[in-house]
Amino acid sequence: MAEALSSLSVSHYSCSLCLEVLKEPATLPCGHNYCLKCINKHWDQFDIKGTCKCPRCEMEFHPRPQLYKNTTLSDLMEKIKEHGVRRTPSKRKQKASMTLMASNIKSHLQHPGESAAPKRRKLEESTGNLKENFCSKHQRVLEMFCRTDKVFVCSECVVTEHSGHDTKTLNEERAERKSQLESTTKEVKKRLQDKMKRVEKLKETSASIKISAEEEVQEHQKTFKSAIQSIERLKLVVIDMIRNQKRKKVRQEEELIKRLEKEIRELKRRDAELAELSQTDNHIYFLKKLPSLSLPPEDDSSPEDAGNGDFLPDSKRKNLTVLKERLEEINSWKFVKTRAVVSGDVLKNLRSRNNFLKYFRPLTLDPNTAHKHLHLSERKKKVTQEEKESRYHDHPDRFDYWQQVLCREELKGTRFYWEVEWSGKNVEIGVTYKGISRKGVGDECVLGFNDKSWNLSCSYCSCSAWHNKKETQINAPFSHRIGVFLDYSAGSLSFYSVSDSMTLLYRFSASFTESLYPAFRLGSESFVAICPPNQSSCYHL
């Protein structure tokens with residue numbers, strides 16, 4: 001800094017009125033500097049009618065401004081004096097340097113009348129690295145900004161290297177960039193508020209997720225606990241039945257053994273007597289004794305061997321076999337971390353119909369939901385559209401306009417597969433939340449025309465998928481037997497054409513939030529039958 005200051009002359013900071021070094025310098029609104037006494041004296045002598053002019057640029061000020069000592073410039077001159085800078089007698093150079101310095105001071109200091117604290121701060125800013133405020137080539141104050149080259153320049157640079165460029169004073173450049181600053185500040189605050197709101201929303205969502213997860217954990221804990229308790233109770237009942245049956249059978253066997261042993265002893269005795277009788281020569285004794293040794297008729301009512309494996313009734317044994325199969329199925333379930341991987345892995349592994357049948361779910365039509373022109377038959381496995389009305393009683397769950405029907409089974413939490421066969425002009429095969437509307441003609445009642453249902457629409461000539469009134473045409477060949485695979489946890493609902501092979505027709509991806517129920521809508525002269533597994537045709541269709 002001392003090196004930079006030593007290159008300047010005190011004469012650069014002289015008053016153009018007294019031509020002496022500035023004493024108590026004062027800065028006019030136009031930026032020029034004078035001794036405080038000199039400028040006041042000049043205005044007292046030459047300016048009249050309350051209008052004052054700058055002696056150099058003749059800018060007029062009305063009313064006469066109140067001037068104050070420019071402490072920043074005064075301190076700067078003291079620093080120059082402390083470093084022993086030289087004095088240059090040239091008055092022309094004095095005036096040129098004063099003009100440059102005044103412009104620099106004006107760009108860095110507040111106008112007279114402002115508080116001292118901001119001036120002190122600006123003094124620190126302006127004198128903190130004074131060398132950076134001067135042109136390294138011309139040793140002049142950087143008082144302009146070249147927009148063309150985006151650099152700070154001095155007045156000599158403007159008429160030389162940057163001649164013809166788009167240049168602005170620092171005040172002008174800052175004034176124009178102030179709107180940019182305000183716009184950027186506004187955008188920063190907006191983004192800050194948006195992100196703070198997003199953080200709050202994410203925190204709420206996170207808290208909700210934690211609560212929901214804990215509630216679901218507790219629900220599943222209750223389910224598993226109830227299941228375990230039920231299995232434990234069933235185990236005790238089965239064990240007790242088997243042991244009771246064992247004691248009964250053992251007692252029967254022991255009684256039979258005692259009876260047979262008694263008969264054996266009697267037969268041995270008769271055998272000995274017969275042997276002895278056969279040796280006698282007394283014909284009269286032989287003929288008298290023989291009738292008493294003859295065998296009585298065999299008792300047909302004697303108990304038979306109880307056998308093995310009949311400790312439980314056939315119905316109970318079949319139920320336990322079904323339970324074992326279900327437990328084996330549950331034991332084969334695989335859970336992975338991401339939903340997408342679940343769906344992808346499962347569907348990838350389902351290469352044949354047999355793989356789908358592992359998740360087969362028997363279904364039953366709910367007569368309380370069936371429209372009055374729909375007739376249920378075959379143990380509520382088949383629905384037919386007919387012109388005559390069925391004698392259904394009134395029920396709040398019944399569809400009163402659209403010819404639709406739901407199944408009774410609630411589907412949630414795991415994987416399910418079922419098959420149907422259809423015939424007629426057109427049918428709709430799908431699933432829905434229980435909350436679908438049942439009364440009226442609005443879209444909220446129609447399968448596939450609201451956000452509560454998904455379906456596959458089939459007719460003799462076309463096939464399409466529907467959800468929330470959005471239709472997707474399907475070009476794949478389809479048959480009259482449709483397989484439906486639901487992976488609830490993965491959010492996947494797939495429809496397949498079932499023939500010699502499985503052909504994917506369409507797959508919905510959704511985040512299911514409620515239990516789903518299989519559903520059907522029938523056009524005129526149509527019917528749908530729910531197929532049992534491993535059966536080539538449904539109810540003689």
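In the block above lies the structure referred to throughout.
Computed from a prediction, not measured in an experiment: that's the story for all the values here. Within every chain, residues take consecutive numbers counted from 1 along the sequence as written. Side-chain atom pairs in this predicted model are given and counted only at pLDDT of 80 or more, local residue features only at pLDDT of at least 70, and totals for whole chains, interfaces and linings cover all residues. For the side-chain quantities, the full set of heavy atoms in the structure was used; hydrogens and water were omitted.

A. Expanded view of the layout of surface pockets. Lining residues are defined by having an atom within 4 Å of a point belonging to a cavity or pocket. Those points lie on a 1 Å grid over the protein atoms alone, cavities being sets where a 1.4 Å probe fits but cannot get out and pockets being open sets with protein on both sides within 12 Å along at least five of seven lines. Grid points are joined across faces, edges and corners, and a volume is the space filled by probe spheres set on the points. Approximately 540 Å³ is the volume attributed to the second largest pocket. Around the second largest pocket, the lining comprises 19 residues; the ones closest to its centre are Arg-326, Glu-329, Phe-360, Arg-361 and Phe-416. Listing elements by their share of the lining of the second largest pocket, those giving two or more residues are α9 (314–331) and β11 (415–423). Put simply, DSSP marks the helices as runs of H or I at least four residues long and the strands as runs of E at least two long, and each gets a number from the N terminus on. Sorting elements by how many residues they give to the lining of the second largest pocket places α9 first, with five residues.

B. Seen up close, the pattern of salt bridges. Just to be clear on terms, a salt bridge is a Lys or Arg side-chain nitrogen sitting within 4 Å of an Asp or Glu carboxyl oxygen. In total, this model carries 22 salt bridges according to the counting rule given. Notably, a salt bridge pairs Glu-161 with Lys-137, separated by 2.2 Å at the nearest N-O pair. With Glu-161 in the loop between α6 (155–159) and β7 (167–169) and Lys-137 in the loop between α5 (116–128) and β5 (144–146), this residue pair connects regions lying 24 residues apart in the sequence. Classification of residues uses two cut-offs on accessible area relative to the type maximum, computed with a 1.4 Å probe and protein chains only: under 20% is buried, over 50% is exposed, and between them is partly exposed. On the accessibility criterion, Lys-137 (60% relative accessible area) is exposed. In this structure, the salt-bridge partner of Arg-177 is Glu-173, at a minimum N-O distance of 2.7 Å. Taken together, the residues Arg-177 and Glu-173, both in helix α7 (residues 170–279) and four residues apart, mark about one turn of the helix. A relative accessible area of 42% means that Arg-177 is categorised as partly exposed. Salt bridges sharing partners connect three or more residues here, namely Arg-147, Glu-173, Glu-176 and Arg-177.

C. Layout of α7. One less than the number of residues in a helix, times 1.5 Å, gives the span that helix is expected to have. Taking 1.5 Å as the rise per residue, α7 with 110 residues should run 164 Å; its terminal C-alpha atoms sit 154 Å apart, in good agreement. At Arg-177, α7 is deflected by roughly 30 degrees, the largest bend along its length. For α7, the set of buried residues is Leu-170, Glu-173, Val-238, Lys-249, Leu-256, Arg-270 and Leu-277. The reported bend at a residue is simply the angle between two axes, fitted to the 7 residues ending at it and to the 7 residues beginning with it.

D. Up close: the sheet that holds β5. We call two strands paired when DSSP finds no fewer than two bridges between them. If you trace the three strands from one edge of the open sheet to the other, you get β6-β5-β7, paired in antiparallel fashion. Each having just a single partner strand, β6 (151–153) and β7 make up the two edges of the open sheet. Looking at each pair of strands side by side, their axes are set apart by 35 degrees on average, direction ignored. Relative to β7, β5 is paired through three bridges, and the arrangement is antiparallel. When the bridges of β7 are listed, Phe-145 appears paired with Lys-168. Across the face of the sheet, α7 comes into contact with β5, β6 and β7 while running at roughly 95 degrees to β7. To obtain an axis, a line is fitted to C-alpha atoms, over the contacting stretch when the element is a helix, and the angle between two such axes runs from 0 to 180 degrees between their N-to-C directions. A contact between two residues is defined here by any heavy atoms of the two lying within 4.5 Å.

E. Representation of the nonpolar core within the structure. The nonpolar core is taken to be a set of buried Ala, Val, Leu, Ile, Met, Phe, Trp, Tyr and Cys residues, with the residues joined through side-chain atoms within 4.5 Å. In this structure, Trp-418, Ile-429, Trp-454, Ile-482, Leu-493, Phe-512 and Phe-520 are the most contacted members of the largest nonpolar core, which totals 38 residues. If near-sequence neighbours (up to four positions away) are discounted, Phe-512 is found in contact with Tyr-433, Trp-454, Leu-486, Tyr-488, Gly-491, Ser-492 and Leu-493. Cys-15, Leu-36, Ile-39 and Leu-73 belong to the second-largest nonpolar core, a separate cluster that totals 18 residues.

F. Representation of the pairing of strand β12 (residues 426–433) within the structure. Most of β12 is tucked away, with seven of its eight residues classed as buried. Pairing between β12 and strand β13 (residues 453–459): seven bridges, direction antiparallel. Pairing of Gly-430 across the sheet is with Asn-455, part of β13. When β12 meets strand β19 (residues 516–522), the two strands line up antiparallel, connected through seven bridges.

G. Highlighting the packing of α7 against helix α8 (residues 283–293). α8 packs onto α7 with a crossing angle of 165 degrees between their chain directions and a minimal axis gap of 11 Å. Accordingly, the angle class assigned to the pair α7 and α8 is roughly antiparallel. Note that α7 runs across α8; the crossing there is left-handed. Residues Arg-270, Glu-273, Leu-274 and Leu-277 of α7 pack against Tyr-285, Phe-286, Lys-289, Leu-290, Ser-292 and Leu-293 of α8. Its residues placed into classes, the contact of α7 with α8 shows six nonpolar, one polar and three charged. Under this scheme an angle from 65 to 115 degrees is roughly perpendicular, one under 35 degrees roughly parallel, and one over 145 degrees roughly antiparallel; angles in between are oblique. Note: crossing handedness is left-handed where the near helix turns anticlockwise from the far helix by less than a right angle, and right-handed where it turns clockwise. Polar here means any residue outside two lists: the nonpolar Ala, Val, Leu, Ile, Met, Phe, Trp, Tyr, Cys and Pro, and the charged Asp, Glu, Lys and Arg; Gly therefore counts as polar.

H. Structural view of the sheet that holds strand β8 (residues 374–377). Strand order in this open sheet of seven strands is β8-β9-β20-β11-β16-β17-β18, and the pairing throughout is antiparallel. Two strands in the sheet have a free side with no partner beyond their single neighbour: β8 and β18 (502–509). Each strand axis lies, on average, 20 degrees off the axis of its neighbour in the sheet, ignoring direction.

I. Expanded view of unusual backbone geometry. Between His-62 and Pro-63 the backbone carries a cis peptide bond, its omega angle lying at 0 degrees. With respect to the helices and strands, the residue Pro-63 is situated in the loop between β4 (60–61) and α3 (71–82). Not every positive phi belongs to a glycine, and Lys-469 is a case in point at roughly 70 degrees. By secondary structure assignment, the location of Lys-469 is in the loop between β14 (463–467) and β15 (470–473).

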